[in-house]
Amino acid sequence: MADDAPARDAETTVYEPEPQEGEPLAIRMPVDIRSVAITVIAVLGGILMLQYAHSVLIPIVLGVLISYVLGPAVASMARHGIPRALGAFLVIATLCGAIGYGAYSLSDEAIDIIDDLPRAAEKLRERARSARGERAGETTLLQKVQEAATQIDQTAAKATEPTPTPRNVQPVQIVQPPFRASDYLWLGGQGLLNFLAQAAVVLFLVYFLLVTDDLFKRKIVRIAGPTLTKKKVSVQIMDEINQQISGFLRVQVITSVVVAVATAGALWWFGVDNYLVWGLLAGVFNSIPYLGPILVSGGLAVVTFMQFDDLATTAYVAGTAMAITSLEGWLLTPLLMSRAARMNPVAIFIGLLFWSWVWGVWGTILAVPMLMAIKSVCDRVEDFQPIGELLGE
């Protein structure tokens with residue numbers, strides 16, 4: 001007992017003072033204002049850098065994510081004696097050939113969909129007029145609002161009329177240049193060339209990543225430290241990160257294929273034209289949470305109304321497409337994805353808003369895969385584990 005006394009005396013117990021009656025409860029913790037200020041400045045600088053260097057960072061992110069998806073196929077070929085350089089070339093060539101063949105096969109159907117959009121818009125306007133029951137001499141609420149807006153515009157124009165021009169002063173009129181289709185064709189062709197150049201850069205990066213395999217993993221192990229324990233821990237952490245990201249991307253690809261096939265089958269059963277194109281679009285947009293299914297369902301509603309001219313059939317088709325994506329999100333994805341790889345809906349929605357603001361359309365497409373990669377890294381790095389906890393389910 002005497003031996004335990006010094007140990008008990010050495011222990012220091014800190015007691016928080018009891019709050020007085022009426023005093024609000026608060027957690028007292030030290031805050032370094034300088035550290036917080038530096039962190040805020042660093043975060044703002046990082047966001048500006050993301051926006052400024054988007055033309056470089058987006059191809060890199062695309063290349064890394066595609067390499068994660070294609071990596072298992074190249075590794076399987078390597079285990080069967082095929083060199084990684086040849087295996088990577090075959091996988092990328094197969095991917096490019098499949099995309100090119102699909103685009104060529106479905107190009108006519110895509111053009112038909114684009115041609116139907118103006119006629120569908122006109123039909124919707126006619127149906128809206130008939131639904132409002134407009135008759136000759138009847139003034140609707142919308143017409144009253146339009147008349148009021150016209151009166152306001154006329155009053156504002158009279159109030160801002162320019163002063164009369166003196167007799168000796170020649171008035172100057174700015175003439176807009178005439179419309180030239182060649183300018184728009186040039187801009188469209190330039191955008192297409194830029195897209196093809198970016199696609200070539202991404203493919204080359206994917207090829208090099210597939211060929212080098214675990215080159216960066218070996219370099220990080222060397223940097224980790226001279227002891228064998230640190231190297232083993234570093235290898236284990238990187239393997240877990242790779243498995244988590246690869247598993248997430250594979251689940252995304254599988255669920256997108258399932259949604260594409262199910263949507264195309266349902267549209268074929270309803271008799272919707274160009275059902276293959278809409279099934280493909282449903283699978284592609286399935287990777288965009290919340291917004292993607294809404295865009296596909298809205299587009300299907302337009303083309304279905306154009307084809308059948310029936311609101312009930314339109315509601316059935318759009319509702320079926322939305323139900324397929326909803327069931328996939330509620331049942332299939334949680335079943336295939338491990339609990340460690342799941343993220344909470346609030347974090348996904350905020351991340352979607354953030355990356356859409358930073359990188360536009362590409363940010364919308366890449367938001368969820370990037371959030372998953374960030375969560376995987378934060379879960380394995382001790383200093384970043386609070387961020388991983390915020391992103392987790």
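Quick summary incoming for the structure in this document. Think of each chain on its own: its residues are numbered from 1, step by step along the sequence as written. Given that this is a predicted model, residues contribute local features only at a pLDDT of at least 70 and side-chain atom pairs are listed and counted only at 80 or more, while totals for whole chains, interfaces and linings are drawn from all residues. Hydrogens are left out, water is left out, and the side-chain values use all remaining heavy atoms of the structure.

1. A closer look at the side chain of threonine 314
Per the convention used, a helix needs a DSSP run of H or I reaching at least four residues, while a strand needs a run of E reaching at least two, with both numbered from the N terminus. Looking at the secondary structure, you find threonine 314 in helix 12 (residues 311–336). Residues within four places of threonine 314 in sequence aside, it is in contact with Ala301, Thr304 and Phe305. Whether two residues touch is decided by their heavy atoms; if any such pair falls within 4.5 Å, the residues are in contact.

2. Side note on a nonpolar patch on the surface
Patch membership requires over 30% relative accessible area and the absence of a salt bridge. Like charges are linked within 9 Å, and nonpolar side chains (Val, Leu, Ile, Met, Phe, Trp, Tyr) within 5 Å. What sets the accessible areas is the Shrake-Rupley method with a 1.4 Å probe; for residues, cover comes only from the shown protein chains. Basic side-chain nitrogens of Lys or Arg form a salt bridge, by our definition, when they fall within 4 Å of a carboxyl oxygen of Asp or Glu. A surface patch of nonpolar side chains, about 600 Å² in accessible area, is lined by Leu193, Phe195, Leu196, Val361, Trp362 and Ile365. Of all elements in the fold, only helix 7 (181–212) and helix 13 (345–380) reach the threshold of two or more residues within the nonpolar patch.

3. A word on the pattern of salt bridges
One pass over the structure, following the stated rule, counts one salt bridge. The salt bridge partner of aspartate 379 is lysine 375, with a shortest N-O separation of 2.8 Å. Pair noted here: aspartate 379 and lysine 375 are both in helix 13, with a separation of four residues, about one helical turn. The rule is simple: take the accessible area with a 1.4 Å probe, protein chains only, and divide by the maximum for that residue type; under 20% is buried, over 50% is exposed, in between is partly exposed. Assessed through its relative accessible area of 21%, aspartate 379 is described here as partly exposed.

4. Some remarks on empty space enclosed by the protein
In this analysis, the protein atoms alone were mapped onto a 1 Å grid. Cavities are point sets where a 1.4 Å probe fits without being able to get out; pockets are open sets with protein on both sides within 12 Å along at least five of seven lines; lining residues have an atom within 4 Å of a point. Grid points are joined across faces, edges and corners, and a volume is the space filled by probe spheres set on the points. Applying the stated criterion across every chain yields a total of one cavity of 30 Å³ or more. One number sums up the size of the largest cavity: a volume of about 30 Å³. Lining the largest cavity we find Ala282, Phe285, Asn286, Gly292, Pro293, Val296, Ser297, Ala321 and Thr325. Among the secondary structure elements, those contributing two or more residues to the lining of the largest cavity are helix 10 (275–285), helix 11 (291–308) and helix 12. Counting residues per element, the lining of the largest cavity draws most heavily on helix 11, which supplies four residues. Split into classes, the residues belonging to the lining of the largest cavity amount to five nonpolar, four polar and no charged. In this classification, Asp, Glu, Lys and Arg are treated as charged, Ala, Val, Leu, Ile, Met, Phe, Trp, Tyr, Cys and Pro as nonpolar, and every other residue, Gly included, as polar.

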